[in-house]
Amino acid sequence: MSWKLYKITKMNKFVIVFIVANIIFLNKIAKAQDHSSLAISLAVFDVIQHHETSIEGRVEYRLNKSNWKLNPFVGVMGNSDEAKFIYMGFFSEFIFFKNFCFSTSTAPGLYFRGKSKDLSFILEFRSQVEISYRFKNSMKIGVSLNHISNISIKPPNIGVESLALTFVIPID
């Protein structure tokens, strides 16, 4: 019986660095807020490779509690080529320069292709970074970049990136 070593790809390295960076910096920067929120995004799907670019929309519920370092969130994405991505994961959010917020998130989810880009597997993983400006009423506007791929669970590991404009509305 032979055992194959797990191949560490460029994306796997990114995910590992992403998780380690979250752990290291969680206690270094002030927590952004205590409000749970609804995030609404309008994006360009496949913004980097441009193979099957389309318009993307996302809605996320972000549960944010001050005593939690990683907060859960759930979301749904759809694009103009009928793809859908339903996901649930964790995010971290921090304040810098008083009114600016930086957040990172990661989430596994189910991808349904529709007529959009074939990502080769139903189980996909999304990693995202977001920078936003927080207003006095805790509403935010920001930009985010995310990457969705199967992290080499099933070849080929194609992946797709989206660049979004996001509105975050506090709901509690």
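First, a word on what this report is: a plain description of the structure on this page. Computed from a predicted model, the values in this text were never measured in an experiment. (Residues numbered from 1 in each chain as written. Predicted model: local features only at pLDDT ≥ 70, side-chain atom pairs only at ≥ 80, totals over all residues. Heavy atoms only, no water.)

1. Here we look at the environment of Val-129
And then number 1: Residue position: Val-129 is located in strand 6 (residues 123-134).
And then number 2: Residue classification places Val-129 among the partly exposed residues on the basis of a relative accessible area of 34%.
And then number 3: Along the sequence, Val-129 and Leu-145 sit 16 residues apart, while their C-alpha atoms lie 5.7 Å from each other.
And then number 4: Beyond its immediate sequence surroundings of up to four residues, Val-129 is in contact with Phe-102, Ser-103, Thr-104, Val-143, Ser-144 and Leu-145. (Helix = DSSP H or I, 4+ residues; strand = E, 2+ residues; numbered from the N terminus. Buried < 20%, exposed > 50% of the residue type's maximum accessible area, 1.4 Å probe, protein only. Contact = heavy atoms within 4.5 Å.)

2. With respect to the environment of Leu-63
And then number 1: Position of Leu-63 among the secondary structure elements: in the loop between strand 2 (54-62) and strand 3 (71-79).
And then number 2: In this structure, Leu-63 is in contact with Ser-36, Trp-68, Asn-71, Pro-72 and Phe-91, ignoring residues within four places of it in sequence.

3. Focus: the pairing of strand 2
And then number 1: Bridge count for strand 1 (residues 37-45) against strand 2 is 9 bridges, and the pairing is antiparallel. Bridge pairing in strand 2 places Ser-37 opposite Arg-62. (Pairing = 2+ DSSP bridges.)

4. Section: the pairing of strand 7 (residues 140-149)
And then number 1: Most of strand 7 is tucked away, with 7 of its 10 residues classed as buried.
And then number 2: The pairing of strand 6 with strand 7 spans 10 bridges and is classified as antiparallel. Bridged to Gln-128 within strand 7 is Asn-146.
And then number 3: Connecting strand 6 to the next strand, strand 7, in antiparallel fashion are 5 residues, including Ser-138 with a positive phi near 75 degrees.
And then number 4: Of the pairings in the sheet, the one linking strand 7 to strand 8 (residues 160-170) comprises 9 bridges and is antiparallel in character. Within strand 8, the position partnered with Ile-141 by the bridge is Phe-167.

5. Considering the pattern of salt bridges
And then number 1: Evaluation of the coordinates by the stated rule reveals 8 salt bridges.
And then number 2: One salt bridge connects Lys-115 with Glu-82, and the closest N-O pair in it is separated by 3.5 Å. Placement of Lys-115 in the loop between strand 5 (100-112) and strand 6 and of Glu-82 in the loop between strand 3 and strand 4 (84-96) is noted, with a sequence separation of 33 residues between them.
And then number 3: Put simply, Glu-60, Arg-62, Arg-126 and Glu-130 are held in one network by salt bridges that share partners. (Salt bridge = Lys/Arg side-chain N within 4 Å of Asp/Glu carboxyl O.)

6. Let's talk about empty space enclosed by the protein
The gaps of empty space that remain are located by a probe, the size of a water molecule, rolled over the atoms.
And then number 1: This structure, assessed with the given rule, holds 1 cavity of 30 Å³ or more.
And then number 2: Approximately 50 Å³ is the volume attributed to the largest cavity.
And then number 3: Mapped by element, the contributors of at least two residues to the lining of the largest cavity are strand 2, strand 5 and strand 6.
And then number 4: If one sorts the elements of the lining of the largest cavity by residue count, strand 6 sits on top with 3 residues.
And then number 5: Its residues assigned to classes, the lining of the largest cavity shows 2 nonpolar, 3 polar and 4 charged. (1 Å grid on protein atoms, 1.4 Å probe; cavity = no way out; pocket = protein on both sides within 12 Å on 5 of 7 lines; lining within 4 Å. Points joined across faces, edges and corners; volume = space filled by probe spheres on them. Nonpolar A, V, L, I, M, F, W, Y, C, P; charged D, E, K, R; others polar.)

7. So, the environment of Thr-53
And then number 1: Within the fold, Thr-53 resides in the loop between strand 1 and strand 2.
And then number 2: Classification of Thr-53 by relative accessible area gives partly exposed; the value is 39%.
And then number 3: C-alpha of Thr-53 to C-alpha of Asp-81: the two residues are 28 residues apart in sequence and 8.9 Å apart in space.
And then number 4: Once residues lying within four places of it in the same chain are set aside, the contact partners of Thr-53 are Val-44, Phe-45, Asp-46 and Asp-81.
And then number 5: Of the polar contacts made by the side chain of Thr-53, one reaches the backbone oxygen of Asp-46; its length is 3.3 Å.
And then number 6: Among the polar contacts listed, one links the side chain of Thr-53 to the side chain of His-50, at a separation of 3.4 Å. (Polar contact = N/O pair within 3.5 Å; in protein donor to acceptor, adjacent residues only side chain to side chain.)

8. Some points on the nonpolar core
General note: in soluble globular proteins, nonpolar side chains tend to be found buried as a group.
And then number 1: Counting 12 residues, the largest nonpolar core is built from Phe-45, Phe-73, Met-77, Ala-83, Phe-85, Tyr-87, Phe-91, Ala-107, Tyr-111, Leu-119, Ile-148 and Val-160.
And then number 2: Of all elements in the fold, only strand 3, strand 4 and strand 5 reach the threshold of two or more residues within this core.
And then number 3: Take this core: its biggest share by element is 3 residues, from strand 4. (Core = buried A, V, L, I, M, F, W, Y, C linked by side-chain atoms within 4.5 Å.)

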